[in-house]
Protein chains: 2
Amino acid sequence: MEFQSCFPIWDKISEAQQKSILDSLIFRQIKKGTVLYSGKEDCTGLFFIKSGQLRAYILSEEGREITIYRLFDWDICLFSASCILRSIQFDVCIETEKDTELWIIPAKIYRQLMEQSAAAANYTNEIMAARFSEVMWLMEQTMWKSMDKRVAAFLLEEAAIENSNRLNITHETIANHLGTHREVVTRMLRYFQGEGMVKLSRGVTELLDEQKLKQLKNS
Amino acid sequence: MEFQSCFPIWDKISEAQQKSILDSLIFRQIKKGTVLYSGKEDCTGLFFIKSGQLRAYILSEEGREITIYRLFDWDICLFSASCILRSIQFDVCIETEKDTELWIIPAKIYRQLMEQSAAAANYTNEIMAARFSEVMWLMEQTMWKSMDKRVAAFLLEEAAIENSNRLNITHETIANHLGTHREVVTRMLRYFQGEGMVKLSRGVTELLDEQKLKQLKNS
């Protein structure tokens, strides 16, 4: 698979612009668990994910985390180039959740493209609007949904991503995704276990009753 | 004051584009407390605020509210035209908090402009990035900050907007801004009163000790 077929507005930009991108494009293979980006000063560039999985999260002053969205094959990571937008006044961190292959368009080259091409600027708008929508969804979850529903939703999402009901994930990691403390997650999972929804063993959470978890999530 | 001097990219668009905006531009005077927009199906257009004050908020299924940002003189409201971006998958409501005068560019006209002009598309990007930053700030507040600090911050912000330490605001309204219940706000304000930070009377909260409120906010 070539980068050209991955970049949705390839046919809408000029040959000179195409050349400028191909000349500066960087391809990287990155191991799972690598922090790719940890705040604006990096401003690496736009990531185009060929294969793998990233998560974007924010950090509190005390080091607590919450996952704001995840990116998969063919997704584009805009905030790794947040310096191209003056009005972005927040920092996200980005790390690989699986071994990942991606292309990088350097921030400077992408900024030039956006300034010249309405198609590229509007495309950027759509990416940002999509991420904004995910953050608004999360905001609604954290404001209105109780933690039991959020843990149930997270387990179901994770099982769908992994295509397995046996999840190799620690309570600490779940807490970092959801922006809470490990103890809260442990208490919740034990309650789920008592209700027959999951089975817990060292470093593993197995989903036993998806139907019941879905009911809880939607209740 | 003319619309032209209010629209930051006026000099970067063509005469034909300028004419198309002026021909379709709507000027409205709206009373305080009017809901201007209550979800995507409206898609009225971009609001340019000449004078006044708007707030954008989200609603839970149970009717709870939380203010996500406020707009003042010269600000631009993008989400009243959210249909121009396919990827916006959330609904906000917008209401006037003071008597307001504003211009509206119809959504269809603005979409055309964005498609033709990289300057307009990039300008839209910057507006969205600014709102995104406000929502991320709010997310951090709701995730990491306790309610006492959020109430203190809200009172100080409100006093700055009103340029007065005597705030005509009900506990219900404060609760709707912060996404919590009236009882929580009442309990907090009584605690603040006990500490000598505010004085409560019917429909009025008076700030007595700004310094102490600031210390609490930043603690």
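Scroll up a little and you will see the structure.
All values reported here derive from a predicted model rather than from experimental measurement. Throughout this document, residue positions are counted from 1 along each chain, in the order its sequence is written. All chains are assigned letters beginning with A, and all ligands numbers beginning with 1, in the order in which they are written. Side-chain atom pairs in this predicted model are given and counted only at pLDDT of 80 or more, local residue features only at pLDDT of at least 70, and totals for whole chains, interfaces and linings cover all residues. Excluded from the side-chain calculation are hydrogens and water; included are all heavy atoms of the structure.

Participant: Sorry if this is basic, but what is going on with the overall build of chain A here?
Facilitator: Put simply, DSSP H or I for four residues or longer makes a helix, DSSP E for two residues or longer makes a strand, and each gets a number counted from the N terminus. The secondary structure content of chain A amounts to seven helices and eleven strands. Each principal axis of the C-alpha atoms in chain A carries an extent, and together these give about 65 × 35 × 30 Å. Here the term buried applies to any residue with accessible area under 20% of the maximum for its type, exposed to any over 50%, and partly exposed to those in between, with areas from a 1.4 Å probe on protein chains only. In chain A, which comprises 219 residues, the share counted as buried stands at 55%. Just so you have it, chain A exposes about 10,200 Å², and 45% of that area is on carbon and sulfur atoms. Charge counting follows a simple rule: Lys and Arg are positive, Asp and Glu are negative, and His as well as the terminal groups are ignored. To locate a charge, take NZ of a lysine, CZ of an arginine, CG of an aspartate or CD of a glutamate. Each charge class in chain A was averaged separately, 27 positive and 30 negative side chains, and the resulting centres sit 4 Å apart. Calculation of accessible area relied on Shrake-Rupley with a 1.4 Å probe; when residues are assessed, cover is drawn exclusively from the protein chains displayed.

Participant: Which parts of the structure should I look at to understand the state of the cysteines?
Facilitator: Note on terminology: disulfide describes a covalent bond linking the sulfur atoms of two cysteines. We call a pair of cysteine sulfur atoms a disulfide whenever their separation is within 2.5 Å. Here the structure, examined in full by the defined rule, presents two disulfides over all chains. Each sulfur of the disulfide joining A:Cys43 and A:Cys83 lies 1.6 Å from the other. Disulfide A:Cys43-A:Cys83: the torsion about the S-S bond is -75 degrees, which places it as left-handed. Of this pair, A:Cys43 sits in the loop between β2 (35–38) and β3 (45–51) while A:Cys83 is found in the loop between β6 (76–77) and β7 (93–96), placing the two residues 40 residues apart along the sequence. Using a relative accessible area of 28% as the deciding quantity, one classes A:Cys83 as partly exposed. In this structure A:Cys93 is not part of a disulfide, and its nearest cysteine sulfur, from A:Cys77, lies 11 Å away. Here B:Cys77 is not disulfide-linked; the sulfur of B:Cys43 is the nearest cysteine sulfur, at 11 Å. Classification of B:Cys77 as buried rests on a relative accessible area of 0%.

Participant: Honestly, the interface of chain B and chain A in this entry has me stumped. Any pointers?
Facilitator: Between chain B and chain A, the residue contacts involve 42 residues of the former and 42 residues of the latter. The term buried area refers to how much accessible surface (probe radius 1.4 Å) is lost by two components on association, counted for both of them together. Interface of chain B and chain A: buried area, both sides summed, is about 3,500 Å²; carbon and sulfur atoms make up 71% of it. Looking only at chain B, the three residues that lose the most surface to chain A are B:Phe132, B:Met139 and B:Trp144, adding up to 21% of its buried area. Should a side-chain nitrogen of Lys or Arg be within 4 Å of a carboxyl oxygen of Asp or Glu, the pair is scored as a salt bridge. For the interface between chain B and chain A, the tally reads zero salt bridges. N or O atoms closer than or at 3.5 Å make up a polar contact, with two conditions inside protein: a donor-capable atom paired with an acceptor-capable one, and, for residues adjacent in sequence, both atoms drawn from side chains. Between the two partners, chain B and chain A, sit 13 residue pairs in polar contact (both at pLDDT 80 or more). If you list the elements that add at least two residues to the side of chain B that touches chain A, you get β4 (54–59), β5 (65–71), α2 (107–116) and α3 (118–144) of chain B. Examining the composition of the side of chain B that touches chain A, we find that 20 residues originate from one element, α3(B), more than from any other. Any residue that is not Ala, Val, Leu, Ile, Met, Phe, Trp, Tyr, Cys, Pro, Asp, Glu, Lys or Arg is counted as polar, Gly included; the first ten are nonpolar and the last four charged. Of the residues contributing to the side of chain B that touches chain A, the split by class is 24 nonpolar, eleven polar and seven charged. The contact rule is simple, with two residues in contact once any of their heavy atoms fall within 4.5 Å.

Participant: Mind showing me how you'd approach the side chain of B:Ser133 here?
Facilitator: On the secondary structure map, B:Ser133 appears in helix α3. Accessibility expressed as a relative area gives 8% for B:Ser133, which makes it buried. Sequence-distant contacts of B:Ser133, that is, excluding residues within four places in its chain, are made with A:Ser87, A:Ile88, A:Gln89 and A:Phe90.

Participant: Explanation requested: the packing of helix α5 (residues 171–178) of chain B against helix α6 (residues 182–194) of chain B in the structure shown.
Facilitator: To describe two helices that pack against each other, one gives the angle between their axes and the distance between the axes. All names here are of chain B. Here α5 crosses α6 at 110 degrees, and the two axes come no closer than 8 Å. For the element pair α5 / α6, the angle class is roughly perpendicular. Considering how the two elements wind past one another, α5 and α6 form a crossing that is right-handed. Here His171, Glu172, Ile174 and Ala175 of α5 lie close against α6, whose contacting residues are Arg182, Val185, Thr186 and Leu189. Considering only residue class, the contact of α5 with α6 consists of four nonpolar, two polar and two charged. In this analysis an axis means a line fitted to C-alpha atoms, helices contributing only their contacting stretch, and an angle means the value between N-to-C directions, from 0 to 180 degrees. By the definition adopted for this analysis, an angle is roughly parallel if under 35 degrees, roughly antiparallel if over 145, roughly perpendicular if from 65 to 115, and oblique otherwise. Here a crossing is called left-handed whenever its near helix is offset anticlockwise from the far helix by less than a right angle, and right-handed whenever the offset is clockwise.

Participant: It is not clear to me how helix α3 (residues 118–144) of chain A should be interpreted in this structure. Could you clarify?
Facilitator: Residue pairs spaced three or four apart in an α-helix point in one direction, given the helix's 3.6 residues per turn. Residues and elements named next belong to chain A. In this scheme, a helix's expected span is set at 1.5 Å multiplied by one less than its residue total. Under the 1.5 Å per step criterion, the end-to-end length of α3 is 38 Å for 27 residues, consistent within 8% with the ideal 39 Å. Counting buried positions over the 27 residues of α3 gives 22, a clear majority of the element. The distance from a side-chain oxygen at the start of α3 to the backbone nitrogen of Ala119 is 3.3 Å, and the residue carrying that oxygen is Ser117.

Participant: In this structure, what is going on with the relation of the copies chain B and chain A? I would like to understand it.
Facilitator: There are two copies of the chain, and a rotation about an axis plus a shift along that axis relates them. The atoms used to superpose the copies are C-alpha atoms, taken from residues with pLDDT of at least 70 in both, and the fit is least squares. The two copies are related by a screw motion: chain B maps onto chain A through a turn of 180 degrees and a shift of 0.0 Å along the axis, at an RMSD of 0.0 Å. Accordingly, the operation relating the two chain copies is best matched by a two-fold axis. Residues of chain B ranked by C-alpha distance from the rotation axis are headed by B:Ala118, positioned 1.9 Å from it. Residue by residue, 100% of the interface of chain B is reproduced at the interface of chain A, so both copies engage with the same surface.

Participant: Whenever I open this one, unusual backbone geometry confuses me. Can you help?
Facilitator: Negative phi values dominate among residues other than glycine, just as trans dominates among peptide bonds. Residue and element names in this part refer to chain B. Even without being a glycine, Trp74 presents a positive backbone phi close to 75 degrees. Here Trp74 shows up in the loop between β5 and β6 (76–77). Residues other than glycine seldom take positive phi values, yet Asn163 does so here, at roughly 55 degrees. Along the chain, Asn163 turns up in the loop between α4 (147–162) and β9 (166–168).

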